[in-house]
Amino acid sequence: DGGITQSPKYLFRKEGQNVTLSCEQNLNHDAMYWYRQDPGQGLRLIYYSQIVNDFQKGDIAEGYSVSREKKESFPLTVTSAQKNPTAFYLCASSIENQPQHFGDGTRLSIL
Amino acid sequence: AQRVTQPEKLLSVFKGAPVELKCNYSYSGSPELFWYVQYSRQRLQLLLRHISRESIKGFTADLNKGETSFHLKKPFAQEEDSAMYYCALQPFYNQGGKLIFGQGTELSVKP
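Residues numbered from 1 in each chain as written. Chains lettered and ligands numbered in written order. Predicted model: local features only at pLDDT ≥ 70, side-chain atom pairs only at ≥ 80, totals over all residues. Heavy atoms only, no water.

Explain the overall build of chain A to me, please; I cannot follow it from the model alone.
A count of helical and extended segments in chain A gives zero helices and 11 strands. For chain A, the sequential pattern of α-helices and β-strands runs β-β-β-β-β-β-β-β-β-β-β. In terms of its C-alpha atoms, chain A occupies a principal-axis envelope of roughly 40 × 25 × 25 Å. Burial status across chain A gives 49% buried among its 111 residues. Element-wise, carbon and sulfur atoms account for 45% of the exposed surface of chain A, whose accessible area totals about 5500 Å². (Helix = DSSP H or I, 4+ residues; strand = E, 2+ residues; numbered from the N terminus. Buried < 20%, exposed > 50% of the residue type's maximum accessible area, 1.4 Å probe, protein only. Areas by Shrake-Rupley, 256 points an atom, 1.4 Å probe, with all protein chains shown as cover.)

Here's what the structure looks like:
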């Protein structure tokens, strides 16, 4: 059961450090998404990309950056500007007009 | 503003009892609505979408445009239904395919 692979499963960030979360999909989906999941707040959209070399900010993009150099990859960098990065991060992908498929997530914590 | 509200953080029922997880939305057009489920230690997965009008694992959901609701129902709850449930809205004109999620409702089915 491949689909969407997120790595690592757990990640720790030191003060002032940038960290990158990996998301790879083998579903040949054009669109990819990053969400942040916090208790009691549901999922909030960070960034999304509908096509290679193009991406848009979601509702909470500040302190994050992304790239989409390949169709199958959509890495998310949590920069030092993100003051409250501790959360569960979910990556998803989809093709047009179809539901999104989600990865297993990465849990980011502060050291 | 586009918003999804799940008023119950936690819903606890006994096995065999009826279940209704509430979802209300705010959107000026005609959205597409989904229910996603996250079982313990599993990834978020699609449960059902309103355009399919199908029943999955005994769950149904009817879109009520007058009340702007999309409540999830099951006549007889099972212990394996215990999970986190998220209602999600996708704007009809597919703004990048992004989803707007509610805060989630944790369903606990007791034996």
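Teacher, can you tell me more about the packing of aromatic side chains here?
Within a pair of aromatic rings, the relevant descriptors are the distance that separates the centres and the angle that separates the planes. Applying the stated rule across the entire model yields 12 aromatic pairs over all chains. Ring centres of Tyr35(A) and Phe101(B) lie 5.4 Å apart, and the angle between their planes is 85°; on these two criteria the pair is classed as edge-to-face. Of this pair, Tyr35(A) sits in strand 4 (residues 31-38) while Phe101(B) sits in strand 10 (residues 100-101), which puts the two residues in different chains. Owing to a relative accessible area of 0%, Tyr35(A) belongs among the buried residues under this scheme. (Phe/Tyr/Trp six-rings, centres within 6.5 Å; stacked < 30°, edge-to-face > 60°.)

Just to check I follow, could you spell out the sheet that holds strand 7 (residues 64-66) of chain A for this structure?
In a beta sheet, neighbouring strands pair by backbone hydrogen bonds and run either parallel or antiparallel. Residues and elements named next belong to chain A. Reading across from one edge, 1-3-8-7 is the order of the four strands in this open sheet, with antiparallel pairing throughout. Whereas interior strands pair on both sides, the edge strands pair on one side only; in this sheet they are strand 1 (4-7) and strand 7. Each adjacent strand pair in this sheet contributes to an overall mean axis angle of 20°, direction not counted. As paired elements, strand 7 and strand 8 (residues 76-78) share three bridges and run antiparallel to each other. Paired with Ser-65 across the bridge in strand 8 is Thr-77. (Pairing = 2+ DSSP bridges. Axes fitted to C-alpha atoms, helices over the stretch in contact; angles between N-to-C directions.)

Is there a simple way to think about a nonpolar patch on the surface in this case?
Taken together, Tyr10(A), Phe12(A) and Leu111(A) make up a surface patch of nonpolar side chains, about 390 Å² in accessible area. Looking at the element boundaries, Leu111(A) is found in the segment after strand 11 (106-110). (Patch = residues over 30% accessible without salt bridge, like charges linked within 9 Å, V, L, I, M, F, W, Y side chains within 5 Å. Salt bridge = Lys/Arg side-chain N within 4 Å of Asp/Glu carboxyl O.)

Sorry, what's going on with the interface of chain B and chain A here?
Think of interface size as the accessible area that goes away when the parts come together; that is how it is often given. Listed as interface residues are 18 residues of chain B and, on the opposing side, 22 residues of chain A. Of the roughly 1700 Å² buried between chain B and chain A on both sides combined, carbon and sulfur atoms contribute 48%. Across the contact surface, chain B and chain A share one salt bridge. A salt bridge links Asp104(A) to Arg43(B); its shortest N-O distance comes to 2.9 Å. Applying the counting rule to chain B against chain A returns eight residue pairs in polar contact (both at pLDDT 80 or more). Looking at the side of chain B that touches chain A, the elements with two or more residues in it are strand 5 (32-38) and strand 6 (45-49) of chain B. Counting residues per element, the side of chain B that touches chain A draws most heavily on strand 5 of chain B, which supplies three residues. Taken together, the residues that form the side of chain B that touches chain A break down as seven nonpolar, seven polar and four charged. (Contact = heavy atoms within 4.5 Å. Buried area = accessible area lost by both parts, 1.4 Å probe. Polar contact = N/O pair within 3.5 Å; in protein donor to acceptor, adjacent residues only side chain to side chain. Nonpolar A, V, L, I, M, F, W, Y, C, P; charged D, E, K, R; others polar.)

Mind showing me how you'd approach the state of the cysteines here?
All names here are of chain A. Throughout the structure, instances matching the rule amount to two disulfides over all chains. In this model Cys-23 forms its disulfide with Cys-91; the gap between the sulfur atoms is 1.9 Å. Around the S-S axis, the bridge from Cys-23 to Cys-91 shows a dihedral of about -75° and counts as left-handed. Of the two residues, Cys-23 is situated in strand 3 (residues 19-25) and Cys-91 in strand 9 (residues 87-94); the sequence distance between them amounts to 68 residues. By the burial criterion, Cys-23 is buried, and Cys-91 matches it. (Disulfide = S-S within 2.5 Å.)

Sorry if this is basic, but what is going on with the nonpolar core here?
Buried together is how nonpolar side chains tend to be arranged in soluble globular proteins. Counting 26 residues, the largest nonpolar core has Trp35(B), Leu72(B) and Tyr85(B) as its most contacted members. Of all the secondary structure elements, the ones that give two or more residues to this core are strand 2 (10-14), strand 3 (19-21), strand 5, strand 6, strand 9 (83-90) and strand 11 (105-110) of chain B. No other element matches strand 9 of chain B, which puts four residues into this core. Trp34(A), Ile46(A), Val66(A) and Leu76(A) belong to the second-largest nonpolar core, a separate cluster that totals 19 residues. (Core = buried A, V, L, I, M, F, W, Y, C linked by side-chain atoms within 4.5 Å.)

Looking at this model, I keep getting lost on the pairing of strand 6 (residues 54-57) of chain A. Mind explaining?
Working note: regular strand, side chains alternate between the two faces of the sheet. All names here are of chain A. Summarising the sheet, strand 5 (residues 42-51) and strand 6 pair through three bridges and their orientation is antiparallel. In the sheet register, Ile-51 faces strand 6, and the bridge partner there is Asp-54. Where strand 5 folds back onto strand 6 in an antiparallel hairpin, the turn is made up of two residues, including Asn-53, whose phi is positive at roughly 65°.

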